[in-house]
Amino acid sequence: MPDPPNEPELSTELAAGLRELVVTADTLSFKTRLERLVHELPPNESDALMMLMKESRGAWALLLEAAQGRALFIGDALSGTPLALATLGFQVTVLDRSFLRSSFAVHRGDALAPDTTTAVLGGDHSTLPFRDRAFEVVVLEGGLPSPKTGWPFRLEELRRVAAAELVVTADNRMGYKRSTGRRGDFRRDPRVLVRELLAPSRGEATLPTTRALVQGAVGSAGRPAAKSAVKSTGKPDAWPSARAFSLYPHALEFSHVVALDADVPRLTIGPRERKNRLKMIGHGLGLFRWLTPSFAIHARRRAEPPVDRLTRLLERLAGIVGEEPPVADIFVATRSNDALIHTAPRQDEGAWDPRGAPGRWTLHFPLQPAKRKMVATHHDWLARLRREFPSIPVPEPLFVGELEGTRVAVERRLGGLSGTDVTGDLRLTRRMFQDAARHMACLLDETPTHLDEDFRARLLTPRFDRVERLIRTESTARKLKALRARVEERLIGSDVRLGVYHADLRGKHVQVDETGSVLGYLDWGASEESFLPFVDLLHLVVHQRKQEVGGAFGDAWRALLDPRERRPHEQEAFDAYLQHSGLGVNDLAFYLEAYPLFVAGMAERNWDYSRPDWVRRQFGIF
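Conventions we followed
Residues numbered from 1 in each chain as written. Predicted model: local features only at pLDDT ≥ 70, side-chain atom pairs only at ≥ 80, totals over all residues. Heavy atoms only, no water. Axes fitted to C-alpha atoms, helices over the stretch in contact; angles between N-to-C directions. Helix = DSSP H or I, 4+ residues; strand = E, 2+ residues; numbered from the N terminus. Parallel < 35°, antiparallel > 145°, perpendicular 65-115°, else oblique. Left-handed = near helix turned anticlockwise from the far one by under 90°. Contact = heavy atoms within 4.5 Å. 1 Å grid on protein atoms, 1.4 Å probe; cavity = no way out; pocket = protein on both sides within 12 Å on 5 of 7 lines; lining within 4 Å. Points joined across faces, edges and corners; volume = space filled by probe spheres on them. Pairing = 2+ DSSP bridges. Right-handed = clockwise from strand over helix to strand, strands pointing away. Salt bridge = Lys/Arg side-chain N within 4 Å of Asp/Glu carboxyl O. Buried < 20%, exposed > 50% of the residue type's maximum accessible area, 1.4 Å probe, protein only. Bend = angle between axes of the 7 residues up to and from the residue. Nonpolar A, V, L, I, M, F, W, Y, C, P; charged D, E, K, R; others polar.

Asker: Honestly, the packing of helix H13 (residues 426–442) against helix H18 (residues 568–581) in this entry has me stumped. Any pointers?
Answerer: Helix packing for two helices is described by the angle between their axes and how far apart those axes are. The contact between H13 and H18 brings their axes to 8 Å, and the two run at 20 degrees. What the angle tells us is that H13 and H18 run roughly parallel. You can see that H13 and H18 cross each other, and the crossing is right-handed. Facing Leu426, Thr429, Arg430, Phe433, Gln434, Ala437, Arg438, Met440 and Ala441 of H13, the residues of H18 in contact are Pro568, His569, Glu570, Glu572, Ala573, Ala576, Tyr577, His580 and Ser581.

What follows is the structure, given as structure tokens:
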């Protein structure tokens, strides 16, 4: 492979890693090559890359009218948005100035969504290298075109090559916070906000100006588009229709898509956020649409009101379920690369049964091929649990299948609060833990299983081997190898009540009512038919401790290892599980010690690629 041309904006390490990913295509799987890339980068750069690659960046694509056809993506080709578009049914062309980033996009497409993705090297001229109306949808990610964002063409060029729809994601000049480029880290320095407002570093504009620019209603300098948006025919090229959505909390890492021109999809405000008086005053005054950190502008060539794919899906599902078509109430772009939609009836009915009501559904759209299996598994487990374990509360499954060219699973939406919403309220947390201890024990087999060599080969060796294979630090590998030996020595030859394994039981996957009683357990996509006891409850308690005190995952785990460090509601949960399951105090100590190995085994089993030094970094095992 010849040396690529100069690579814009690529560090030496990233350029070297991308080059290796390309040249080893014939000998290694894409997953192996991707893991090498993210593992060998410096930690900050690796974290930024993994955030950029998330397919949930393209969750908003469900709000497009088109469900198929040709889509042009202009931006950093490492972004997960092109794969999301491909997974949702589009033939995607990626335009980037970087040869290596473009090559990555093609290799990813070939591996994960074959025959969907091509790349064009370019974008550094005043015109785009495509014919008029070549694409049903055109997407520009990362800001308005300008020399500051590296795109010298005008917005007229985007409208020229778009047959029907155009989406531009951009930061808000008036945004009240900025992402630092590190996951979950945002800057709210008033001095920076004022400076960015007066002299935006990348040409950011306000919401009205950005919308008008994308539509062609004003020129690039904010003046009327009498000259700047006129086609060669002499006819104005201003598009009559545009919707705006907030990408919250920031376009680099957003979890919610929030309508800025309509009541829904709306922004969720949890109990802890409601304690922020300044935020609530601003929200009450309607300032969110002006101060939101970033947004997506969806412009259309046609003037008629849009009927997007999500609306059509809800209408079709209403006929299948036998209820009136609802509206998309909350739109979540999950960290696990789903688009998660909570619906509500078109007419506000006030109070509703938190265990489910007509028109209140939850929809799961996998945005990468690997997630399709997990979404189907989740739906199947809901049906099975309601049939075989009626005492375990889970949502009612309503539909799973292909609609409008995309996979979707639908269940009855539960009300109440998420387990993360009750963080800090020890009364509600205690009740949640007590219910979970009882429910998880109900999933255990009535009679013990003798754990023999077949058990080791089926349920221990594959996950433990996978974890060990992915550890690169010798001291961490040595400690986990010793832990594995202790775990296997303790288990093999013993009699244990195995049971259904949720595998990812955390506060955000538990819905509770106003008393803390569990209304339902969510997200069964990682679940297994049979595994060891106690691990699910430990996962819930450790995560909740992390939420309550902050700090690292490993800090919460180590605190719970010491009985003197456990809080009363945590110890009560453990004691309740021991009582319901017939296990003893020594079993609690054993499963707590083995916890990092079990959790890593679950994570590496389900991730699309391994996270760098995950066990070492999360648990502080050096």
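Asker: What is the right way to read the layout of surface pockets from this model?
Answerer: In this approach a probe as big as a water molecule rolls over the atoms, and the regions it shows empty are the leftover space. Its boundaries defined by the atoms lining it, the second largest pocket holds a volume of some 1,100 Å³. What lines the second largest pocket is a set of 44 residues, among which Leu52, Asp76, Gly142, Arg202 and Leu252 lie closest to the centre. The set of elements that each furnish at least two residues to the lining of the second largest pocket consists of helix H3 (43–52), strand S5 (162–171) and strand S6 (178–179). In terms of residue count, H3 provides more of the lining of the second largest pocket than any other element does, five residues in total.

Asker: Sorry, what's going on with the sheet that holds strand S20 (residues 510–512) here?
Answerer: The pairing of strands in a sheet happens through backbone hydrogen bonds and is either parallel or antiparallel. Sheet architecture is open: three strands sit in the order S16-S20-S21, paired in antiparallel fashion. Two strands in the sheet have a free side with no partner beyond their single neighbour: strand S16 (417–418) and strand S21 (518–521). Bridge analysis of S16 against S20 gives two bridges, and the strand direction is antiparallel. Bridging across to S20, leucine 417 finds its partner in valine 512. H13 contacts S20 and S21 of the sheet and is inclined by roughly 50 degrees relative to S21.

Asker: Honestly, the pairing of strand S3 (residues 117–121) in this entry has me stumped. Any pointers?
Answerer: On a regular strand, each side chain points to the face opposite its neighbour's, so the side chains alternate between the two faces of the sheet. In this structure, strand S2 (residues 90–96) lies alongside S3, joined through five bridges in parallel fashion. Bridge assignment links valine 94 to a residue of S3, and that residue is alanine 119. For the handedness criterion, the β-α-β arrangement of S2, helix H5 (residues 99–112) and S3 is classed as right-handed.

Asker: When you look at the pattern of salt bridges in this model, what are you seeing that I'm missing?
Answerer: Here the idea is simple: oppositely charged side chains can pair when their charged atoms come close. One pass over the structure, following the stated rule, counts 46 salt bridges. Between glutamate 20 and arginine 36 there is a salt bridge, and its shortest N-O distance comes to 3.1 Å. Here glutamate 20, found in helix H1 (residues 12–23), pairs with arginine 36, found in helix H2 (residues 30–40); they are 16 residues apart in sequence, far enough to count as distant. With relative accessibility at 26%, the residue glutamate 20 sits in the partly exposed group. Judged by its relative accessible area of 31%, arginine 36 is partly exposed. A salt bridge links arginine 312 to glutamate 404; its shortest N-O distance comes to 3.0 Å.

Asker: Looking at this structure, how should I read helix H14 (residues 453–469)?
Answerer: Along an α-helix, residues three or four positions apart point the same way, because every turn accommodates 3.6 residues. At leucine 460, H14 is bent by approximately 45 degrees, the largest bend along its length, and proline proline 462 sits one to four residues beyond. Where H14 is concerned, the buried positions are Phe455, Leu459, Leu460, Arg463, Phe464 and Val467. Residues of H14 that are buried in the fold lie against helix H15 (474–491), strand S19 (499–501), strand S22 (528–531), helix H19 (585–606) and helix H20 (614–619).

Asker: Looking at this structure, how should I read empty space enclosed by the protein?
Answerer: Going through the model one piece at a time under the given rule, you end up with six cavities of 30 Å³ or more. Taken as a whole, the largest cavity spans an internal volume of roughly 80 Å³. Lining the largest cavity are Met440, Leu443, Leu444, Val500, Tyr501, Leu532, Pro533, Phe534, Val535, Asp536, Leu537 and Tyr577. Looking at the lining of the largest cavity, the elements that each hand over two or more residues are S19 and helix H16 (535–549). Of the residues that constitute the lining of the largest cavity, the class distribution is 11 nonpolar, no polar and one charged.

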